[in-house]
Amino acid sequence: MKSLNCRYRRCNLGSAMNKSETVVVTGFGPFRQFLTNTSWEAAKGLKLIGLGENVDVHVRELPVSYLKTQKVIGELWHTLNPKFAVHLGLARGSSVVILEQTGKNTGYRDRDVCGYCPETRCCVEGGAQKLESVINMRAVSKHFRQAGMNVVYSRDAGRYLCDFAYYCSLYHGQGRAALIHIPTSGTLASADRLVPLLQALIQKILEQLEEHSKTRDPPFVSMRSTEVTEPAALLLCMNSLASLHLGNLLEISIKSLQQRRPSTVA
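Nothing here was measured: the structure is a model prediction, and the numbers come from that model.

Turning next to the packing of aromatic side chains. Remark: the centre distance and the inter-plane angle together describe each pair of aromatic rings, the angle taken between the planes. Scanning the entire structure with this criterion turns up six aromatic pairs. Between Tyr66 and Tyr108, the aromatic rings sit 6.3 Å apart at their centres with planes inclined by 75 degrees, giving edge-to-face as the arrangement. Of this pair, Tyr66 sits in helix α2 (residues 66-80) while Tyr108 sits in the loop between β5 (102-104) and β6 (130-132), and the two are 42 residues apart along the sequence. Take Tyr66: its relative accessible area is 1%, and that puts it in the buried class. Here Tyr108 falls in the buried class, since its relative accessible area comes to 0%. Between Tyr108 and Phe164, the ring centres sit 5.5 Å apart and the planes meet at 90 degrees, which makes this aromatic pair edge-to-face. Highlighted residues: Tyr108 in the loop between β5 and β6 and Phe164 in helix α4 (residues 161-173), separated in sequence by 56 residues. An aromatic cluster of three or more residues is present, and its members are Phe31, Phe34, Tyr66, Tyr108, Tyr160 and Phe164.

Taken as a whole and judged by the stated rule, the model has three salt bridges. Where Lys44 meets Glu41, a salt bridge forms, and the shortest distance between an N and an O atom there is 3.3 Å. Remark: Glu41 and Lys44 occur in helix α1 (residues 38-49); sequence separation between them is three residues, near one turn of the helix. Accessibility expressed as a relative area gives 38% for Glu41, which makes it partly exposed.

The six strands are arranged β2-β1-β3-β8-β4-β7 in an open sheet whose pairing can be described as mixed. Looking along the sheet, the strands with just one partner apiece sit at the ends: β2 (55-62) and β7 (151-154). Taking the axes of each pair of neighbouring strands and ignoring which way they run, one obtains an average angle of 25 degrees across the sheet. The sheet strands contacting helix α5 (residues 191-215) are β1 (21-28), β2, β3 (84-91), β4 (97-100), β7 and β8 (177-183), and the helix crosses β8 at an angle near 160 degrees.

Another point: the nonpolar core. Membership of the largest hydrophobic core comes to 65 residues, with the highest contact counts inside it found for Val25, Leu88, Val97, Ile180, Leu198 and Leu201. Sorting elements by how many residues they give to this core places α5 first, with ten residues. With residues near it in sequence (within four places) discarded, Ile180 still touches Val86, His87, Leu88, Gly89, Val97, Ile98, Leu99, Leu198 and Ile202.

This brings us to the side chain of Ser133. Among the secondary structure elements, Ser133 is positioned in the loop between β6 and α3 (137-146). Judged by relative accessible area, which is 7%, Ser133 ranks as buried. Here Ile135 takes part through its backbone nitrogen, which lies 3.1 Å from a polar atom of the side chain of Ser133. What Ser133 contacts, discounting residues up to four positions off in sequence, is Phe84, Gln101, Tyr166, Leu170, Gly175 and Ala177.

Here the focus is α4. Here α4 is 13 residues long and its end C-alpha atoms lie 18 Å apart, about the 18 Å a rise of 1.5 Å per residue gives. Listed in full, the buried residues belonging to α4 are Leu161, Cys162, Asp163, Phe164, Ala165, Tyr166, Tyr167, Cys168, Ser169, Leu170 and Gly173. Following α4 by one or two positions, Gln174 has its phi on the positive side, about 55 degrees.

A word on the packing of α1 against α5. Orientation of α1 relative to α5, taken along the N-to-C sense of each, is 70 degrees, at an axis distance of 9 Å. It follows from the interaxial angle that α1 and α5 lie roughly perpendicular. Relative to α5, α1 is oriented so that their crossing is right-handed. Within the contact between the two elements, α1 uses Thr38, Ala42, Gly45, Leu46 and Ile49 and α5 uses Leu194, Val195, Leu198, Gln199 and Ile202. Looking at the contact of α1 with α5 residue by residue, the class counts come to seven nonpolar, three polar and no charged.

About the cut-offs
- Residues numbered from 1 in each chain as written.
- Predicted model: local features only at pLDDT ≥ 70, side-chain atom pairs only at ≥ 80, totals over all residues.
- Heavy atoms only, no water.
- Phe/Tyr/Trp six-rings, centres within 6.5 Å; stacked < 30°, edge-to-face > 60°.
- Helix = DSSP H or I, 4+ residues; strand = E, 2+ residues; numbered from the N terminus.
- Buried < 20%, exposed > 50% of the residue type's maximum accessible area, 1.4 Å probe, protein only.
- Salt bridge = Lys/Arg side-chain N within 4 Å of Asp/Glu carboxyl O.
- Pairing = 2+ DSSP bridges.
- Axes fitted to C-alpha atoms, helices over the stretch in contact; angles between N-to-C directions.
- Contact = heavy atoms within 4.5 Å.
- Core = buried A, V, L, I, M, F, W, Y, C linked by side-chain atoms within 4.5 Å.
- Polar contact = N/O pair within 3.5 Å; in protein donor to acceptor, adjacent residues only side chain to side chain.
- Expected span 1.5 Å × (residues − 1).
- Parallel < 35°, antiparallel > 145°, perpendicular 65-115°, else oblique.
- Left-handed = near helix turned anticlockwise from the far one by under 90°.
- Nonpolar A, V, L, I, M, F, W, Y, C, P; charged D, E, K, R; others polar.

As structure tokens, this is what we get:
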């Protein structure tokens, strides 16, 4: 197995995040035969080892309930306003870590632990059919696969509570969220192996998020010492061109009149 070149146990992400930022990490509570949900245990493990000196990790357990999860996700975004949210969920029968790209809005039919399923079968009425994370999960998974890690990419989160929570978070966070499905079997089901890998994955995601923020076009352009917005700059340019064109037309008209004027006889 190749090295990931990442120092576990309080890695320093200072170069990627210039000031302290809040990152929310959630896991789910008990459901069905999973009386101890590994996703919540992993979230608590990430709180212990951290994501870097400049990252404040806020963990929260999500109940396996549509109504409660919807409420908690909304509260997390509106009260904490985190830089990013990472949601951990179980992938039953899987032996690999799965990075989910897309959250689906409709098609929810399975009942939660309370026996409830939304009548509308959707997360947000009137919302888009699907929402995608601002993070390129395919690129992240490729990076870790090349390092010999069992990390794969997916565009179908399953349409249960994990998918439901993911869509709600993408909706409130404008795409600044990730859903990571963790395995229930194989070597990565062990916390000793899983938590350090999750730490490295989330740090890679945060690095990509920072790069994404830097590459976005700035809202203003500078003209000498004066800050002028792009529409204003365009208007100034158009006015200048119009003035130049009008001046040329006047000069041509004056020359034309002079040529047509009859010469004076002495």
